[in-house]
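Structural features, examined
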Amino acid sequence: MYNLTSRPRLLLRRLHKVMAGAGSAQSRLNKVVKEIARNMVAEVCSVYLARSGGELELFATEGLKPEAVHQTRLKFGEGLVGLIAFNALPLNLPEASTHPSFVYRPETGEEIYHSLLGVPLVRHGRVVGVLVVQNKVTRRYSDEEVEALQTISMVLAELVGTGDLLESANNGNGTAGAGQSLVLDGQKLADGIASGAAVFHEPKVEVTQLIADDAEQEISRLQEAFDTMRRELDRMMSVAEIATAGEHRDILETYKMFAYDRGWQRKIKDAIQSGLTAEAAVERVQQDMHTQMMRTSDPYLRERLSDFDDLAHRLIRILAGRTGTAAEEPLKADTIIIAKSLGPSELLDYDRTYLKGIALEEGSPTAHVTIIARAMGIPMIGRVRGILSSVEDGENVIVDCEGGHVFIRPTDDIVETYQDNIAIREARVAEYAAQRHLPAISRDGVPVQLLMNGGLLIDLPNLDATGAGGIGLFRTEFQFMVSSTLPRLDTQMALYREVMDAAGDKPVIFRTLDLGGDKSVPFLPHDREENPALGWRAIRVALDRPALLRYQIRALLMAATGRCLNIMFPMIADVSEVRDAKDVVAKEVRRLEKLKKPAPAKIRIGCMLEVPSLAWQMNSLLPEVDFISIGTNDLMQFFFASDRANPRLADRYDLLSPAALSLIQWVVKTCNEAGVPVTLCGEMGSRPLEAMALMGLGLKRLSISPSAIGPVRTMVRSLDVKAVTDFLLPLLNSPDHSLREKLRSFAKDHAVII
Ligand code: PEP
Ligand code: MG
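Along each chain, the written sequence defines residue order, and numbers are assigned to residues from 1. Ligands are numbered from 1 and chains lettered from A, in the order in which they are written. Residue-level local features of this predicted model are given only where pLDDT is at least 70; pairs of side-chain atoms are given and counted only at 80 or more, and the full residue set underlies all totals for whole chains, interfaces and linings. Only heavy atoms go into the side-chain values, all of them from the structure, while hydrogens and water stay out.

**Topic: the overall build of the protein**
Where helices and strands are cited, they refer to DSSP runs of H or I of at least four residues and of E of at least two residues respectively, numbered from the N terminus. Check the secondary structure of the protein and you find 30 helices and 22 strands. Here the C-alpha coordinates of the protein stretch approximately 95 × 60 × 40 Å along the principal axes. Partly exposed describes any residue whose relative accessible area lies between the buried limit of under 20% and the exposed limit of over 50%, with all areas from a 1.4 Å probe on protein chains only and scaled to the type maximum. Burial analysis of the protein (754 residues in total) assigns 54% to the buried set. In what follows, a contact means two residues having at least one pair of non-hydrogen atoms within 4.5 Å. Taking all contacts inside the protein whose residues are at least 6 apart in sequence as the whole, residues at least 24 apart take part in 67%.

Here's what the structure looks like:
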């Protein structure tokens, strides 16, 4: 056989010319197979294209019987052609008919050909067809020939995909491989449903220039790009960046492993030698390696597949000089951001107008970006395996966080169903917004104070939008978590002042830093802990490192000049901790007096009740504090000894159990009797049914997520508090695992809107 590799570029150019030339799509494809056969000195060259429904149809051939064109069809996995498509791998067979997958199709007349070399046509990671050459002699094709046919297949795949061949292929019979609707599963991170066009956070660069004349130049471009990429990885590995970039260290370690992999680089260079540009060569090798890694039995490598794809795309972006993120351009229409992972500050860079949802390959419920997406009210789904390689830029996507699904290229009926759902949700939100001025007073006249939880500037507009009575929990650690360095005194002060300005007359309760545990920051390093939730966190860190707390108190005092300042301490397990923390405040107040600086008009000090032990110290605690806030997120994980972040335990214990409700009732009762205001600020209060039960226990103040204010207000206005109290209190002694169903029946019978 003539060695094609000596003049591959010439053939590539010719193919390009033929495809761009005159004539119908079919006639041009006929010329293409003729050219390839001639150059490969093959008696047969055939192109099969994928139809929807998973069939591969013979579209053009040189050498097989012409009447087989558009007649011969094979399913993915059927016959040798189907096998190549199914595996997305080349097949090089000296004697094709002896392969177990060989199927004989008499209409083709292929029985006289012995050797076969076939390669998949892959476009954007999907097999869109198969290119085959055959010879009468029995021979194994050389590695160079395989490489050359792969290069041709890449060019051909582009031409098939972008030219009017695709239209001809569609021709009422479906699409060429792409376009099928797909559902991927994921994990809800921030609630909601959204639909829009997929936009890659790190845009995938469309490689349009495939052929290069000067291989040396392409290799030096490749070398430079590798150098740049390695430098970037080193920078990202620096501790400060990891905290803000949303990438985990082990992922970066994997990136580095690939970035220094000599085999990878060598394969790309070989592809460049066969006539491709550096970008096209990276893409081709990525497709090959992707397929091989998919098939490996090594679980570690399979796990790392998306890391490798991501790195290859990064390399292509560097080569193309397009390293920015999609946030740099204004979004133009309803958008679903698709990313491997996302950093908190990266999310904040997006224009909120058109950002409707986020789907991540990684992501976790406690990641900082998740907390911010929730605060922004943007539906976000994570752990969607394969999302990056399953969707194209601009394709229609529906993110259903409630159900834990991402619909890619959804069918019309799915779109309709979800549009109805989205419309119903939006109508509900608009209705709640319209009712934001209505007082949260129960049917029997009990006023309920509905406050909101927050932690960032982006939360502030929600005060007006929801009609919240104030901010019942301002998580000050968020500012630290989205910053790569320790926020300075004036930066802290500026934020607190802005929050109080936005709140005006409404109260704001600033919780001092609840750092440590799962909320780590790079500038506060501490040892790895076996049980971080039970570890050195929150007030424990603050009292052991009083300088940090003193600084924060100083910033709060300065920000609250002339106003009422509410300070709340987290994770108090022992009354002595409140006393010690109060001493720090007193010291800072004395410092202000000494310096003759203006002070807040009033200082109120409270604490979170998040540790069960504190519920047994109410008598000594209450005289020490001006208010209490029950943090059920932590309280209940300690009460039931059940990790709040472990999905396996999520439904194991119910907060509407007699035990949990009795504990809350005890705390509420003792606070009410002592005249100390008590609020509940855990997620529990955000759910209307739970909120109804809490009202029944005598609670009159909730601090909840902004999106819950409307639904909970509606519930309160439909509730008779005395009735639910009379119903619930006797049940607290029952042996039930949960009172949920009984409470639901109560709501139904008494027309409480939950
Ligand atoms: C809680 O524990 O209930 C709480 C409100 O605090 P966080 O969720 O910030 O731990
Ligand atoms: Mg907590």
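Having seen the model, we can carry on.
**Quick notes on the site of ligand 1**
Here a residue is considered near a molecule or strand provided that any single heavy atom belonging to it is located within 4 Å of it. Within the structure, ligand 1 sits among 14 residues, and Arg475, Arg511, Gly631, Asn633 and Arg644 are positioned closest to it. Think of a polar contact as two N or O atoms within 3.5 Å of one another; within protein, one of them needs to be a possible hydrogen donor and the other a possible acceptor, and neighboring residues in sequence only count if both atoms come from side chains. Note that an oxygen atom of ligand 1 is positioned 2.8 Å from one of the side-chain N or O atoms of Arg475. For accessible areas, the Shrake-Rupley method is used with a probe of radius 1.4 Å. Any residue's cover is judged against the shown protein chains and nothing else. Isolated, ligand 1 exposes 290 Å² of accessible area, and the fraction of that covered by the protein chains is 98%. Looking at the shell around ligand 1, the elements that each hand over two or more residues are strand S16 (471–475) and helix H25 (632–639).

**Structural notes on the nonpolar core**
Counting 90 residues, the largest nonpolar core has Ile628, Met692 and Leu702 as the members making the most contacts within it. At 7 residues, helix H26 (residues 658–674) tops the list of elements feeding residues into this core. Excluding anything up to four places from it in sequence, Ile628 contacts Cys607, Leu609, Leu621, Leu622, Cys671, Val676, Pro677, Val678 and Thr679. Here, the term nonpolar core denotes a set of buried Ala, Val, Leu, Ile, Met, Phe, Trp, Tyr and Cys residues that are joined through side-chain atoms within 4.5 Å. Val47, Leu121, Val155 and Ala259 belong to the second-largest nonpolar core, a separate cluster that totals 69 residues.

**Some points on the domain arrangement of the protein**
What counts as a domain boundary in this text is fixed by an automatic or database domain assignment. Here the protein is described as being made up of domain 1 (4–170), domain 2 (182–203 + 326–426), domain 3 (215–320) and domain 4 (435–445 + 641–680 + 682–754). One C-alpha centre belongs to domain 2, the other to domain 3, and the line joining them spans 26 Å.

**Overview of the sheet that holds strand S2 (residues 55–62)**
Note on pairing: two strands pair once DSSP finds at least 2 bridges between them. Here we have 6 strands laid out as an open sheet, ordered S3-S2-S1-S6-S5-S4, and antiparallel in their pairing. Each edge of the sheet is formed by a strand with only one pairing partner; in this case those strands are strand S3 (73–75) and strand S4 (91–93). With direction set aside, neighbouring strand axes in the sheet form an average angle of 20°. Where helices are involved, their axes are fitted lines through C-alpha atoms of the stretch in contact, as for all axes, and angles between N-to-C directions lie from 0 to 180°. Sheet strands touched by helix H3 (residues 79–87): strand S1 (44–51), S2, S3, S4, strand S5 (115–123) and strand S6 (126–135). Its angle to S6, the strand with the most contacts, is close to 140°.

**Examining a negative patch on the surface**
Each patch is built from residues lacking any salt bridge and having more than 30% relative accessible area; the joining distance is 9 Å for like charges and 5 Å for nonpolar side chains (Val, Leu, Ile, Met, Phe, Trp, Tyr). Should a side-chain nitrogen of Lys or Arg be within 4 Å of a carboxyl oxygen of Asp or Glu, the pair is scored as a salt bridge. We treat Lys and Arg as the positive residues and Asp and Glu as the negative residues; His and chain ends play no part in the count. Charge positions come from single atoms, namely NZ of Lys, CZ of Arg, CG of Asp or CD of Glu. Taken together, the side chains of Asp412, Asp413, Glu416 and Asp420 define an acidic patch exposed on the protein surface. Take Glu416: it is sitting in helix H16 (residues 412–434).

**Topic: the packing of helix H27 (residues 688–696) against helix H30 (residues 740–749)**
Viewed as axis vectors pointing N to C, H27 and H30 meet at an angle of 90°, and their least axial separation amounts to 10 Å. Considering the angle they form, H27 stands roughly perpendicular to H30. Packed against H27, whose contacting residues are Leu689, Glu690, Met692 and Ala693, the element H30 presents Arg740, Leu743, Arg744, Phe746 and Ala747 at the interface. Residue classes follow a fixed rule: Ala, Val, Leu, Ile, Met, Phe, Trp, Tyr, Cys and Pro count as nonpolar, while Asp, Glu, Lys and Arg count as charged, and any other residue, Gly among them, counts as polar. Within the contact of H27 with H30, the residues separate by chemical class into 6 nonpolar, no polar and 3 charged. Relative orientations are named as follows: roughly parallel for angles under 35 degrees, roughly antiparallel for angles over 145 degrees, roughly perpendicular for angles from 65 to 115 degrees, and oblique for any other angle.

**Some remarks on the coordination of the magnesium ion (ligand 2)**
Each donor-metal-donor angle would ideally measure 109.5 degrees in four-coordinate tetrahedral geometry, or 90 or 180 degrees in six-coordinate octahedral geometry. Those protein atoms acting as donors to the magnesium ion (ligand 2) are Glu610 (OE) and Asp634 (OD), and they sit at 2.0 Å. You can see Glu610 sitting in the loop between strand S19 (602–609) and helix H23 (612–615) and its partner Asp634 sitting in helix H25, a full 24 residues away along the chain. For Glu610, a relative accessible area of 2% gives the class buried. Metal coordination here is assigned from N, O and S atoms located within 2.8 Å of the ion, or within 3.2 Å for Na, K and Ca; omission of water means that sites may look incomplete.

**Considering the sheet that holds strand S11 (residues 355–360)**
Spatial ordering of the open sheet is given by S7-S14-S13-S9-S10-S11-S12-S8, a layout of 8 strands whose pairing is mixed. In the strand order of this sheet, the two ends are held by strand S7 (182–185) and strand S8 (187–190), each with one partner. Within the sheet, the average angular offset between the axes of one strand and its neighbour, ignoring direction, is 30°. Here 4 bridges tie strand S9 (residues 193–200) to strand S10 (residues 335–339), and the two strands are oriented parallel to one another. Bridged to Ala198 within S10 is Ile336. Where H16 meets the sheet, its contacts fall on S9, strand S13 (396–400) and strand S14 (405–408), and the angle it forms with S9 comes to roughly 115°.

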